[in-house]
Amino acid sequence: MHSFTRRGKELFCEDVALSELAHRYGTPLYVYSHAALTRHYQAYEEAFAGISHIICYAVKANPSGAILNTLGEMGSGADIVSGGELYRAMRAGIPASRIVYSGVGKTKRETEEALDADILMFNIESFTELSVLNETAGRMGKKARISLRINPDIDPVTHPYISTGLRKSKFGIPFEAALEGYKRAGRLTNIEIAGVDCHIGSQLMLLEPFKQAIRRLLSLAGELRSQGYGIALLDIGGGLGIPYADEKPPSPGEYAKAVADVLGNEKLKLLIEPGRSIVGNAGILLTQVLYTKKGEGKRFVIVDAGMNDFIRPCLYDAYHEIVHVYEVDRSMELCDIVGPVCESGDFFALNRTLPGCVRGDLLAVMSAGAYGSSMSSVYNSRPLAAEALVKGSASAIIRERGTYSDLTSMEAIPEL
Ligand code: LLP
């Protein structure tokens with residue numbers, strides 16, 4: 001991550017001092033680097049250049065219009081999991097022919113919208129979904145291109161909440177049932193079999209689970225082809241990890257090489273659905289220290305961002321580096337960095353040693369670009385944080401800070 005660097009004592013995003021952004025736009029503020037975002041996307045394009053492929057950015061990681069627009073202009077497709085994500089992707093100009101739709105609970109309305117848009121492929125997660133899609137497509141006079149999302153029963157070695165490729169998880173169709181599933185699909189008149197799919201988990205640090213999963217998909221694809229089914233697309237999901245501390249996840253280049261090794265001479269078109277590895281280290285959360293107080297053996301540093309703005313530390317016990325925006329020459333202190341929300345789970349770091357914090361200090365929560373803003377809420381009636389994009393020495397707001405009236409704008413007080 002070279003786009004958030006220190007110049008002298010000041011932390012910069014590209015050529016803009018973060019303190020300047022805090023001053024201009026206020027805090028809490030998500031800040032994204034355009035250079036980092038495009039570099040990460042480009043790294044995938046270059047790594048997979050030798051393989052026929054589409055990068056379908058996983059919109060859930062960060063669905064901001066400005067981010068989708070930037071990626072869309074670079075040729076990205078989208079992996080969506082809801083009608084809302086379809087709406088956002090299309091609005092950002094991502095062509096439907098580059099959109100794949102995953103998710104265990106697609107509603108009728110969402111399915112109709114995606115059929116109407118004529119997306120590239122539905123990744124089907126259950127037999128019931130398959131027959132509902134067939135019916136819906138029939139009613140609309142359409143044919144739905146599908147893959148079955150296969151649960152290859154492989155341990156991706158990651159946090160249980162984001163591990164999806166094990167038999168015990170709710171995702172996909174068991175590998176053993178896949179052939180039968182495709183046979184059923186083959187009998188449905190409004191279904192067109194297009195590919196095979198899996199997604200085994202997120203924040204993966206090892207290549208081996210990916211390779212095992214792809215091998216399983218390829219053996220299935222081979223079997224299906226030998227039985228006369230047209231399999232053109234191989235969707236291997238997302239999940240490549242990023243460094244949050246000093247981890248060393250495989251680079252897109254290493255990942256692509258591993259994939260290419262397993263693919264051999266396969267002529268399938270590859271779909272990949274990276275989210276975190278494109279946007280995670282392209283963003284930070286900027287927050288200001290409101291108060292500090294003495295706790296037992298440590299200090300509490302209370303900042304103006306809360307778990308509603310950024311829930312990863314609380315939800316996954318995730319580590320995020322936290323640094324002073326302006327380097328201070330103070331002695332190190334053991335502290336809990338916590339938000340204003342009325343829950344003990346409202347923390348960004350526990351037992352962290354940092355140069356002492358005082359009221360007014362700006363802190364940067366690093367690597368917050370993925371699953372940060374996208375998982376935020378207005379819990380405790382805290383309006384949504386603002387988001388800004390930096391490109392060179394220019395910056396702009398890409399989402400306004402929420403207002404109090406936003407909090408109530410969709411409510412009604414009926415007389416019943
Ligand atoms: N494709 C599918 C079908 C997915 O379910 C996901 C993520 C991705 C692609 C993108 O995975 P990525 O490349 O970003 O790892 N909120 C959690 C992460 C949840 C991931 C859910 N699925 C977190 O903050 O760690």
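Keep in mind that what you see is a predicted model, and the values were worked out from it rather than measured.

Caption draft 1: Spotlight on the overall build of the protein chain. Along the protein chain, the regular secondary structure elements total twelve helices and 21 strands. Its C-alpha radius of gyration of 23 Å places the protein chain within 12% of the 22 Å reference for a compact globule of 416 residues. Considered along the principal axes of its C-alpha atoms, the protein chain spans approximately 70 × 60 × 40 Å. Sorting the 416 residues of the protein chain into buried and exposed places 55% on the buried side. Taking the contacts inside the protein chain whose residues are at least 6 apart along the sequence as the reference set, 70% of them involve residues at least 24 apart. When the accessible area of the protein chain is evaluated, it comes to approximately 17900 Å², of which 52% is carbon and sulfur surface. Charge centroids of the protein chain, computed over 44 positive and 49 negative side chains, lie 2 Å from each other.

Caption draft 2: Structural view of unusual backbone geometry. Cis geometry is adopted by the peptide bond preceding Pro-28, which originates at Thr-27 and carries an omega value of -5°. Its place among the elements puts Pro-28 in the loop between α1 (18-25) and β4 (29-33). Of note in the backbone geometry, Asp-153 takes a positive phi value of approximately 55° without being a glycine. Within the secondary structure layout, Asp-153 lies in the loop between β9 (144-151) and β10 (173-174). Backbone geometry at Tyr-371 places phi at a positive 55°, although glycine is not the residue there. Looking at the secondary structure, you find Tyr-371 in the loop between β19 (362-365) and β20 (386-391). The exposure class of Tyr-371 is buried, given its relative accessible area of 15%.

Caption draft 3: Layout of the packing of aromatic side chains. This model, assessed by the stated rule, comprises seven aromatic pairs. Ring geometry for Tyr-44 against Phe-48: centres 6.3 Å apart, planes inclined by 10°, an arrangement best described as stacked. Both residues of the pair, Tyr-44 and Phe-48, count as buried. Grouping aromatic residues by their ring pairs yields a cluster made of Tyr-44, Phe-48, Phe-210 and Tyr-255.

Caption draft 4: Representation of the sheet that holds strand β1 (residues 4-7). Read from one edge to the other, the open sheet built from three strands follows the order β1-β2-β3, with strand pairing classed as antiparallel. Edge positions in the sheet fall to β1 and β3 (16-17), since each has one partner strand and no second. Bridge count for β1 against strand β2 (residues 10-13) is four bridges, and the pairing is antiparallel. Bridge assignment links Arg-7 to a residue of β2, and that residue is Glu-10.

Caption draft 5: Focus on the layout of surface pockets. The volume enclosed by the largest pocket comes to roughly 660 Å³. Contributing to the lining of the largest pocket are 34 residues, with Lys-60, Thr-164, Phe-171, His-199 and Tyr-371 lying nearest its centre. Considering only residue class, the lining of the largest pocket consists of twelve nonpolar, 13 polar and nine charged.

Caption draft 6: The state of the cysteines, seen in detail. One pass over the full model with this rule turns up zero disulfides. With no disulfide partner, Cys-314 has as its closest neighbouring cysteine sulfur the one in Cys-342, 14 Å distant.

Caption draft 7: Highlighting the side chain of Ser-76. Here Ser-76 lies in the loop between α3 (65-73) and β6 (77-80). Here the side chain of Ser-76 touches Ile-55 through a polar contact of 3.4 Å, landing on its backbone oxygen. Non-local contacts of Ser-76, meaning those with residues more than four positions away in its chain, are made with Tyr-41, Ile-55, Tyr-57, Leu-71, Ile-94 and Arg-98.

Caption draft 8: Structural view of the side chain of Ser-367. For Ser-367, the position within the fold is in the loop between β19 and β20. On the basis of relative accessibility, which here comes to 2%, the residue Ser-367 falls in the buried class. A distance of 2.6 Å separates the side chain of Ser-367 from the side chain of Asn-281, its partner in a polar contact. If we skip the residues at most four places from it in the chain, Ser-367 touches Pro-243, Tyr-244, Gly-280, Asn-281, Gly-283, Ile-284 and His-320.

Caption draft 9: Spotlight on the pairing of strand β13 (residues 269-272). Bridge analysis of strand β5 (residues 53-58) against β13 gives three bridges, and the strand direction is parallel. From the neighbouring strand, Ile-54 faces β13, where its bridge partner is Leu-271. Here strand β12 (residues 233-235) pairs with β13 via three bridges, running parallel. Its bridge partner lying in β13, Asp-235 is registered against Leu-271. Handedness of the β-α-β unit built from β12, helix α9 (residues 252-263) and β13 comes out right-handed.

Caption draft 10: Inspection of the pattern of salt bridges at higher detail. What the rule picks out here adds up to 19 salt bridges. One salt bridge in this structure joins Glu-333 and Arg-299, with 4.0 Å as the shortest N-O distance. One end of the pair, Glu-333, is in strand β17 (residues 332-338); the other, Arg-299, is in strand β15 (residues 299-303), with 34 residues separating them in the sequence. Arg-299 sits in the partly exposed class, given a relative accessible area of 22%. The residue Arg-382 makes a salt bridge to Asp-309 at a minimum N-O spacing of 2.9 Å. With a gap of 73 residues between them, Arg-382 in the loop between β19 and β20 and Asp-309 in the loop between β15 and α11 (312-316) connect regions that are remote in the sequence. Neither residue differs from the other here; Arg-382 and Asp-309 are each classed as buried.

Caption draft 11: Highlighting the packing of helix α7 (residues 178-187) against helix α8 (residues 208-226). Interhelical geometry of α7 versus α8 gives an angle of 40° and a closest axis separation of 11 Å. One element, α7, and the other, α8, form an angle in the oblique class. α7 and α8 meet at a crossing whose hand is right-handed. Of the residues in α8, those touching α7 at Ala-178, Leu-179 and Tyr-182 are Leu-220, Glu-223 and Leu-224.

Reading the values: rules and limits
- Residues numbered from 1 in each chain as written.
- Predicted model: local features only at pLDDT ≥ 70, side-chain atom pairs only at ≥ 80, totals over all residues.
- Heavy atoms only, no water.
- Helix = DSSP H or I, 4+ residues; strand = E, 2+ residues; numbered from the N terminus.
- Rg over C-alpha atoms; globule rule 2.2 N^0.38 Å.
- Buried < 20%, exposed > 50% of the residue type's maximum accessible area, 1.4 Å probe, protein only.
- Contact = heavy atoms within 4.5 Å.
- Areas by Shrake-Rupley, 256 points an atom, 1.4 Å probe, with all protein chains shown as cover.
- Lys, Arg positive; Asp, Glu negative; His and termini not counted.
- Charge placed at Lys NZ, Arg CZ, Asp CG, Glu CD.
- Phe/Tyr/Trp six-rings, centres within 6.5 Å; stacked < 30°, edge-to-face > 60°.
- Pairing = 2+ DSSP bridges.
- 1 Å grid on protein atoms, 1.4 Å probe; cavity = no way out; pocket = protein on both sides within 12 Å on 5 of 7 lines; lining within 4 Å.
- Points joined across faces, edges and corners; volume = space filled by probe spheres on them.
- Nonpolar A, V, L, I, M, F, W, Y, C, P; charged D, E, K, R; others polar.
- Disulfide = S-S within 2.5 Å.
- Polar contact = N/O pair within 3.5 Å; in protein donor to acceptor, adjacent residues only side chain to side chain.
- Right-handed = clockwise from strand over helix to strand, strands pointing away.
- Salt bridge = Lys/Arg side-chain N within 4 Å of Asp/Glu carboxyl O.
- Axes fitted to C-alpha atoms, helices over the stretch in contact; angles between N-to-C directions.
- Parallel < 35°, antiparallel > 145°, perpendicular 65-115°, else oblique.
- Left-handed = near helix turned anticlockwise from the far one by under 90°.

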